[in-house]
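# Structural description and commentary
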Amino acid sequence: MARFLRPNIRNFVTSQLRMSSDQLGELGKGAGKGGGGGGSIREAGGAMGKKQAAEEEMYFKRKEQEQLAALKQHHQEEIDHHKKEIERLQREIDRHKGKIRKLKHDD
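The shown structure was predicted, so the numbers you read here are calculated from the model rather than taken from an experiment.

### Comments concerning the overall build of the protein
Check the secondary structure of the protein and you find three helices and zero strands. Each helix (α) and strand (β) of the protein, taken in turn from the N terminus, gives the series α-α-α. Taking all 107 residues of the protein together, the buried fraction comes to 7%. By sequence separation, contacts in the protein at least 24 residues apart represent 10% of the contacts at least 6 residues apart. Summed over all atoms, the accessible surface of the protein reaches about 9,500 Å², with 58% contributed by carbon and sulfur.

Spelled out as structure tokens, the structure:
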């Protein structure tokens, strides 16, 4: 049953992407032309609208890079924490094994 649904979902997603890309146009070309209503400069289009669109794209790209760096840092801290926890638990295991050996030796 799932095999029959997959082509339909794939076609739907593909058509949606195609429709959205047709509507996008070139950024900074003015309202209704892909630039959106991002203010009077962008609505007017032209070189200033393109410049503002480019600056916005750079801003969001920098923000995304900062978020990815923060996420990588967070994951690294998580890894370090778990490694320390593993070491602590391994020491506990060794301690308990030593107690068991001592109990066996005392018998």
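### Here we look at the packing of aromatic side chains
If you walk through the whole model with that rule in mind, you get one aromatic pair. Considering the side-chain rings of Y59 and F60, the 5.2 Å spacing of their centres and the 75° angle between planes classify their relative orientation as edge-to-face.

### Focus: the confidence of the model for the protein
Confidence in the prediction of the protein, expressed as mean pLDDT, is 78, and 57% of residues score 70 or more. Confidence scores differ between elements of the protein, with helix 1 (residues 2-24) showing the lowest mean pLDDT of 55 and helix 3 (residues 46-106) the highest of 94.

### Here's the deal with the pattern of salt bridges
Evaluation of the coordinates by the stated rule reveals three salt bridges. Of the charged contacts, one joins R88 and E85 as a salt bridge, the two residues approaching to 2.6 Å between their closest N and O atoms. Of this pair, R88 and E85 both sit in helix 3, three residues apart, which is roughly one turn of that helix. For E92, the salt bridge identified is with R95, shortest N-O distance 2.8 Å. On the criterion of helical spacing, the pair formed by E92 and R95 is a turn pair, its members being three residues apart in helix 3.

Cut-offs and rules
Residues numbered from 1 in each chain as written. Predicted model: local features only at pLDDT ≥ 70, side-chain atom pairs only at ≥ 80, totals over all residues. Heavy atoms only, no water. Helix = DSSP H or I, 4+ residues; strand = E, 2+ residues; numbered from the N terminus. Buried < 20%, exposed > 50% of the residue type's maximum accessible area, 1.4 Å probe, protein only. Contact = heavy atoms within 4.5 Å. Areas by Shrake-Rupley, 256 points an atom, 1.4 Å probe, with all protein chains shown as cover. Phe/Tyr/Trp six-rings, centres within 6.5 Å; stacked < 30°, edge-to-face > 60°. pLDDT = per-residue confidence, 0-100. Salt bridge = Lys/Arg side-chain N within 4 Å of Asp/Glu carboxyl O.

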